[in-house]
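Examination of the molecular architecture
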Amino acid sequence: MQYLFMCCFEEQAWNAIPGEARDRVMRDYGAWVDALTAQGQYLAGGKLKPSAASTTVRVKNGKPFITDGPYAETREQLGGYHVVECQDLDEALALAARIPTLPVGGTIEVRPLDFSTTPGAAFNERERTAAMG
């Protein structure tokens, strides 16, 4: 089963961490990704630009309404994500608990991916096939 790990952090708090400590966290992050990749569990991931670089699209009165910035006012912002292959939720939670930003204030939301046959099933099948290599 594939899980999405959404990695959140309060951007101001992250920026307040001394550079040397942030570098250490990112080195540990690289080691975490490398280990999961070597085990064949790491399928995809990425670091996002700061939330100030985002653009949000909504529909108002039947027309697209575009605004700068994140979709919601929250303390924590989505900073990156990982797609990981796991046997079950317990394994996903154990892997997520090893993410190096947790000890310095990060939050990880773990959510199973849904490849069920619904409208857009052809898209879902393409995505599933691509993710499985």
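Everything that follows concerns the structure shown earlier in this document.
We now turn to the structure provided with this report. Note that the coordinates shown come from a computational prediction; the quantities given were computed from them, not determined experimentally. (Residues numbered from 1 in each chain as written. Predicted model: local features only at pLDDT ≥ 70, side-chain atom pairs only at ≥ 80, totals over all residues. Heavy atoms only, no water.)

**Topic: the overall build of the protein**
From N to C terminus, the protein includes 4 helices and 6 strands. Sequence-ordered secondary structure for the protein, helices as α and strands as β, is β-α-α-β-β-β-β-α-β-α. Across the 133 residues of the protein, 28% fall into the buried class. Long-range contacts, defined here as pairs at least 24 residues apart, represent 72% of the contacts in the protein between residues at least 6 apart. (Helix = DSSP H or I, 4+ residues; strand = E, 2+ residues; numbered from the N terminus. Buried < 20%, exposed > 50% of the residue type's maximum accessible area, 1.4 Å probe, protein only. Contact = heavy atoms within 4.5 Å.)

**Considerations on the sheet that holds strand β1 (residues 2–9)**
Within a beta sheet, neighbouring strands are joined by backbone hydrogen bonds and run either parallel or antiparallel to one another. Taken in spatial order, the 4 strands of this open sheet run β2-β5-β1-β6, and their pairing is antiparallel. The open sheet is flanked by β2 (42–47) and β6 (107–112), the only strands paired with a single partner. When strand polarity is set aside, the average angle formed by the axes of neighbouring strands in this sheet is 20 degrees. (Pairing = 2+ DSSP bridges. Axes fitted to C-alpha atoms, helices over the stretch in contact; angles between N-to-C directions.)

**Considerations on the layout of surface pockets**
In this structure, the largest pocket encloses a volume near 460 Å³. Going through the elements one at a time, β1, α1 (11–16), α2 (19–38), β2 and β5 (77–85) are the ones with two or more residues in the lining of the largest pocket. If one sorts the elements of the lining of the largest pocket by residue count, β5 sits on top with 6 residues. Residue composition of the lining of the largest pocket, grouped by class: 10 nonpolar, 7 polar and 3 charged. (1 Å grid on protein atoms, 1.4 Å probe; cavity = no way out; pocket = protein on both sides within 12 Å on 5 of 7 lines; lining within 4 Å. Points joined across faces, edges and corners; volume = space filled by probe spheres on them. Nonpolar A, V, L, I, M, F, W, Y, C, P; charged D, E, K, R; others polar.)

**A few points about a nonpolar patch on the surface**
On the surface, Leu48, Leu78 and Tyr81 cluster together into a nonpolar patch covering about 230 Å² of accessible area. The residue tyrosine 81 is located in strand β5 in this model. (Patch = residues over 30% accessible without salt bridge, like charges linked within 9 Å, V, L, I, M, F, W, Y side chains within 5 Å. Areas by Shrake-Rupley, 256 points an atom, 1.4 Å probe, with all protein chains shown as cover. Salt bridge = Lys/Arg side-chain N within 4 Å of Asp/Glu carboxyl O.)

**Concerning the packing of aromatic side chains**
This structure, assessed with the given rule, holds 4 aromatic pairs. Ring geometry for phenylalanine 5 versus tryptophan 32: centroids 6.3 Å apart, planes at 40 degrees, classification tilted. Of this pair, phenylalanine 5 sits in strand β1 while tryptophan 32 sits in helix α2; the two residues are 27 residues apart in sequence, bridging distant segments of the chain. Residues tyrosine 29 and tryptophan 32 carry aromatic rings whose centres are separated by 6.0 Å and whose planes lie at 90 degrees to one another, so their mutual orientation is edge-to-face. Of the two residues, tyrosine 29 and tryptophan 32 both sit in helix α2, 3 residues apart, roughly one turn of that helix. Both residues of the pair, tyrosine 29 and tryptophan 32, belong to the buried class. Aromatic ring contacts, followed pair by pair, group Phe5, Tyr29, Trp32 and Tyr42 into a single cluster. In this arrangement the basic side chain of lysine 60 is found over the ring face of phenylalanine 65, its NZ or CZ atom lying 4.4 Å from the centre. (Phe/Tyr/Trp six-rings, centres within 6.5 Å; stacked < 30°, edge-to-face > 60°. Lys NZ or Arg CZ within 6 Å of the ring centre and 35° of its normal.)

Scope: geometric values only; no functional claims are made or implied.
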